[in-house]
Amino acid sequence: MGCPGGTALSFLLVFVPVYLHGAWSQEAGPAGQRKPFFERLRRLEEQSLAQESQALALAVNQSQATVQGDLGHLKTWIRKTQRRSRKVDSRLLALGAALRERTQQLTRERKEQAAQREALSSLALDMRALQDTLAHLTGVVQSQGARLDALKEWLPVACPGTTDPARPGLPSQSSLELQGIRQVLRPSPEPLGPPRDFAGRLQGTREPPGPGGQRAWRPESLGEICNVGPALVFPNTSTENVVFLSPGFLSGLRALSVCSWVRTASGHLGTLLSYATAENDNKLVLHGRDSLAPGSIHFVIGDPAFRELPLQPLLDGQWHHVCVIWTSLLGRYWLHVDRRLVATGSRFREGYEIPPGGSLVLGQEQDIVGGGFDGSEAFVGSMAGLAIWDRVLVPGEVSHLATGKEVPPGAILTLANAASIGGFVRRVNCTCLELCP
């Protein structure tokens, strides 16, 4: 047996020369001998092209199928999108309708609010006019009450025995007419009889100005006044002389009445009352200073707003009854001395409220809560029967209080609330004012 590698080599050595010889023979021969070769080559190319065409057609068919599937999915998605678009359009239409309705509703509400504001404005104007009328009527009532009290006091002195049998103590119509005739015919009027003096007494203020423009006050004797409670005596201007009232104001005050019997022992009035808070140390003050005119006192509510009140009658060293009344309604205020109306006004702290929670003292003016006292503002004298109400006292109540007949109900603070008495202040109990120091 021979080697297989050697046999193959021998075959190639024999076959290659033969093949080359044939090829050279064909090239050297005519063209007709080469035709079968090209035919086979053409058939091979056609077969190759046919196979490629079939593969290409198959690929095209597959691509078409894929495209058709994608188109089907796209159509399905378009139909879904159209349905969703229609739903969105319907929702947008509904929202547009709701928005138009809401806009119309808001327009109607604005018109209604404008109408309500106009109505409220008109109501406020009506209320303001009503408040003005009420304040005017209140002032008229106060003035008429003071005049009536003066008339009751004067007529028994001027015309003794002329009273109305049906209403003891009141003058009859005939006696009033008779007294008027007597006033006209009398050549030399008595001290209580002159018409000018009578008018001054009815107004409850003071006599006409005397020489130099000074007004002469006529003190009134109210008789013996008893049962006024304890009295506080402030002997000097020491800054330690102070009385704290506790508790202070437990709620805000829109109306206030402060009444007390007062007797001064110095040439000025000093501070009767001071109410201070952390916000303002002059929320409520009744005080006089050396720099003020003698007998003048500042009535302060919410510093710097104040009114200067005339209290010249208190400088005679005698007991006098003082009532200071205020209401936030139109800012009206009244000052009564010995039951007479001596001062009144309006537009003072209108609509204001005195806040609660402050420090309330007697006899000193606070520059800080509970302190900061100044001897020049200290009160020197005596107080008795002091009381504070959170309402407006009417003239009849002031008159009864000044004459010792009756204490109006509802006082929120009195001298019984004196929780701390400092310095040289003395608390004394006396049956009647004339017996109080």
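The preceding data block contains the structure.
Residues numbered from 1 in each chain as written. Predicted model: local features only at pLDDT ≥ 70, side-chain atom pairs only at ≥ 80, totals over all residues. Heavy atoms only, no water.

Caption draft 1: Highlighting helix H5 (residues 395-402). Across the eight residues that make up H5, a large majority, six, are buried. Listing the buried residues of H5 in full gives Pro395, Glu397, Val398, Ser399, Leu401 and Ala402. Once H5 ends, the next one or two residues include Gly404, with phi positive near 75°. (Buried < 20%, exposed > 50% of the residue type's maximum accessible area, 1.4 Å probe, protein only. Helix = DSSP H or I, 4+ residues; strand = E, 2+ residues; numbered from the N terminus.)

Caption draft 2: Local environment of the sheet that holds strand S2 (residues 243-245). One open sheet holds the seven strands; their spatial order is S7-S6-S5-S4-S11-S2-S14, and the pairing between them is antiparallel. Each edge of the open sheet carries a strand with a single partner, namely strand S7 (306-310) and strand S14 (418-421). Pairwise comparison of adjacent strand axes, ignoring direction, gives a mean angle of 20° for this sheet. Pairing between S2 and strand S11 (residues 359-362): three bridges, direction antiparallel. Bridge pairing links Leu245 to Leu360 in S11. (Pairing = 2+ DSSP bridges. Axes fitted to C-alpha atoms, helices over the stretch in contact; angles between N-to-C directions.)

Caption draft 3: The arrangement of the pattern of salt bridges in detail. Taken as a whole and assessed by the stated rule, the structure comprises six salt bridges. Across the pair Glu350 and Arg347 runs a salt bridge whose closest N-O atoms are separated by 3.3 Å. Taking the relative accessible area as the measure of exposure, Glu350 reaches 33% and is therefore partly exposed. Salt bridges sharing partners connect three or more residues here, namely Glu39, Arg42 and Glu46. (Salt bridge = Lys/Arg side-chain N within 4 Å of Asp/Glu carboxyl O.)

Caption draft 4: The side chain of Ser382, seen in detail. Along the chain, Ser382 falls in strand S12 (residues 381-389). A distance of 2.8 Å separates the side chain of Ser382 from the backbone oxygen of Pro437, its partner in a polar contact. Filtering out sequence-adjacent residues up to four positions away, Ser382 remains in contact with Leu232, Val233, Trp261, Val262, Arg263, Trp319 and Pro437. (Polar contact = N/O pair within 3.5 Å; in protein donor to acceptor, adjacent residues only side chain to side chain. Contact = heavy atoms within 4.5 Å.)

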